[in-house]
Structure formats: structure tokens, C-alpha cells
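Single-letter residue listing:
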Amino acid sequence: MDVEQLYDYLPRELVTFVLVTLFSLLIGLSQRRISLKREGETTLFGTDRAFTFIGILGYLLYILDPAELRLFMGGGAVLGLLLGINYYVKQSQFHVFGITTIIIALIAYCMTPIVATQPSWFYVMVVVTVLLLTELNIPSRNLPSG
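These numbers were taken from a predicted model, which means no experiment stands behind them. Throughout this description, residue numbers start from 1 for each chain and increase along the sequence as written. Side-chain atom pairs in this predicted model are given and counted only at pLDDT of 80 or more, local residue features only at pLDDT of at least 70, and totals for whole chains, interfaces and linings cover all residues. The side-chain values count all of the structure's non-hydrogen atoms but skip hydrogen atoms and water molecules.

Some thoughts on the overall build of the chain
Runs of H or I in DSSP of at least four residues are treated as helices and runs of E of at least two as strands, each being numbered from the N terminus. Counting its secondary structure elements, the chain contains 7 helices and 0 strands. Counting from the amino terminus, the chain carries its helices and strands in the arrangement α-α-α-α-α-α-α. Expressed as a percentage of its 146 residues, the buried residues of the chain come to 34%. In this analysis, two residues are considered to be in contact whenever any of their non-hydrogen atoms come within 4.5 Å of each other. Counting contacts in the chain only where the partners sit at least 6 residues apart, residues at least 24 apart contribute 67% of the total. Note that accessible areas follow from Shrake-Rupley with a 1.4 Å probe, and for residues the cover is restricted to the protein chains shown. Summed over all atoms, the accessible surface of the chain reaches about 9200 Å², with 67% contributed by carbon and sulfur. Accessible area is worked out with a 1.4 Å probe on protein chains only. A residue is then buried under 20% of its type maximum, exposed over 50%, and partly exposed in between.

Below, the structure written as C-alpha cells:
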């Protein structure tokens, strides 16, 4: 059964919510796996629950003002500001550089408009690409010096 056929049996909002929550959770679980590989590192941004809540927040703010998207854009700006502060603290106190997790959190936030407006092949492609690219993470200490 195609995802679009689910809309014949279930409300569109329910299907969108479940997909956004599931995709955000999958992205968060991928981030959790990466953080477990870096045992002892205390500077990591949230894992599965945080990414799931970010996706749900994006969903809620998107459906509350679907015409003008002021709430969604404002929420994205606030989330971006909070993630920027988190990055600044990590960089200044722990000298940890890298914005991949921040970008992934913003992608999780944007899952709702992607799921709500794009065909199923597109949003599945986005999630699979994010998951693949996060798994390709190669720590710099394993690279040959040259």
C-alpha cells in the first residue's frame, strides 16, 4: 500500500504526524548511536528524544498557522538561536567544532512541511540520505596525517 493511499483510510494530519514523529525518532536514534561511539564526550547535543520533540514541535507550529507559517518560521528562528548558543558554548568551552548535529536538528524540524507537501518518494529520500550521511561520519583522529 502506498503512503498516499493511507489518506483514503486515515486523516491526513494523523498520517503526517506519525511520519514526522517516526522520521524524527529514526534520525535521533542514529544520533544516539553516534554519541554512544564517542563514549565520555559530554558536549553532544540531545539524542533520540530531543530530535523527536524537535520534529513534533515543527509539526505543531506548522499546523497552527498553515497559511502564513509565521509560527513555524518563528519557531525555526528560536530553535536556530538556541542551537547557535549551544554551538557557541561547545566551541568556546570545549573547543568542539562541527555543525552537523545542528543541521540535522533543523532538518528534523523541517520534516513536517516536507511530508505535508512533497510526494512520499521525496521525504523518504531525504530521511535515508540524512541517515546514510550520519553513518558516514569519520572521526578526524582516524584520518592519516599528511
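A few points about the packing of helix 3 (residues 48-64) against helix 4 (residues 70-94)
Two numbers describe a pair of packed helices, the interaxial angle and the distance between the axes. Axis definition: a line fit to C-alpha positions, over the contact stretch in the case of helices; interaxial angles, taken between N-to-C directions, run 0 to 180 degrees. As a packed pair, helix 3 and helix 4 sit with axes 7 Å apart at the nearest point and diverge in direction by 150°. Considering their axes alone, helix 3 and helix 4 lie roughly antiparallel with respect to each other. Contacts from Ile54, Gly58, Leu61, Tyr62 and Leu64 in helix 3 reach Leu71, Phe72, Gly75 and Leu79 in helix 4. Throughout, the ten residues Ala, Val, Leu, Ile, Met, Phe, Trp, Tyr, Cys and Pro are labelled nonpolar, Asp, Glu, Lys and Arg are labelled charged, and all others, Gly among them, are labelled polar. By residue class, the composition of the contact of helix 3 with helix 4 is 7 nonpolar, 2 polar and no charged. Reported orientations rely on four angle classes, namely roughly parallel under 35 degrees, roughly antiparallel over 145, roughly perpendicular from 65 to 115, and oblique for the rest.

What to know about helix 5 (residues 100-109)
Here helix 5 has its buried residues at Thr101, Ile102, Ile104, Ala105, Ala108 and Tyr109. Angularly, the buried residues of helix 5 cover 160° about the axis, an arc narrow enough to put them on a single face. To be clear, the arc concerns the directions from the helix axis to the C-beta atoms.

Some words on the pattern of salt bridges
Salt bridge, as used here, is a side-chain nitrogen of Lys or Arg placed within 4 Å of a carboxyl oxygen of Asp or Glu. Going through the model one piece at a time under the given rule, you end up with 2 salt bridges. Asp65 is the salt-bridge partner of Arg70, the closest N and O atoms lying 3.7 Å from each other. A relative accessible area of 54% means that Arg70 is categorised as exposed. In this structure, the salt-bridge partner of Glu68 is Arg70, at a minimum N-O distance of 2.8 Å. Accessibility expressed as a relative area gives 47% for Glu68, which makes it partly exposed. Ionic contacts of the salt-bridge type, sharing partners, join the residues Asp65, Glu68 and Arg70 into one network.

A look at the nonpolar core
One broad trend across soluble globular proteins is that nonpolar side chains are buried collectively. Take the buried residues of types Ala, Val, Leu, Ile, Met, Phe, Trp, Tyr and Cys, join any two whose side-chain atoms come within 4.5 Å, and each joined set is a nonpolar core. Ranked by size, the top nonpolar core spans 15 residues in total, and within it Phe45, Phe51, Ile54, Leu83, Ala105 and Tyr109 carry the most contacts. When contributions to this core are tallied by element, the ones reaching two or more residues are helix 3, helix 4 and helix 5. Looking at this core, the element that brings in the most residues is helix 5, giving 5 residues. Every residue in contact with Phe45, bar those within four places of it in the chain, is listed here: Phe51, Ile54, Leu83, Asn86, Thr101 and Ala105. Counting residues in hydrophobic clusters, the runner-up holds 11 residues, among them Leu19, Phe23, Met111 and Tyr123.

A few points about unusual backbone geometry
Positioned with a positive phi, Leu69 is a non-glycine residue whose angle comes to about 60°. With respect to the secondary-structure elements, Leu69 resides in the loop between helix 3 and helix 4. Classification of Leu69 as partly exposed rests on a relative accessible area of 24%.

Digging into the packing of aromatic side chains
Only Phe, Tyr and Trp rings are paired, with Trp represented by its six-membered ring, and only when their centres lie within 6.5 Å; those with planes under 30 degrees apart are stacked, over 60 edge-to-face, the remainder tilted. For the coordinates displayed, the defined rule picks out 5 aromatic pairs. Between the aromatic rings of Phe72 and Tyr109, the centroid separation amounts to 4.6 Å while the plane-to-plane angle is 15°, which identifies the pairing as stacked. Of this pair, Phe72 sits in helix 4 while Tyr109 sits in helix 5, and the two are 37 residues apart along the sequence. Tyr109 carries the same exposure label as Phe72, and that label is buried. With 5.8 Å between their ring centres and 90° between their planes, Trp121 and Phe122 make a pair best called edge-to-face. Phe122 sits in the partly exposed class, given a relative accessible area of 26%. The rings of Tyr62, Phe72 and Tyr109 are connected pair by pair, giving a single aromatic cluster.

Any functional reading would require information beyond the geometric quantities listed.
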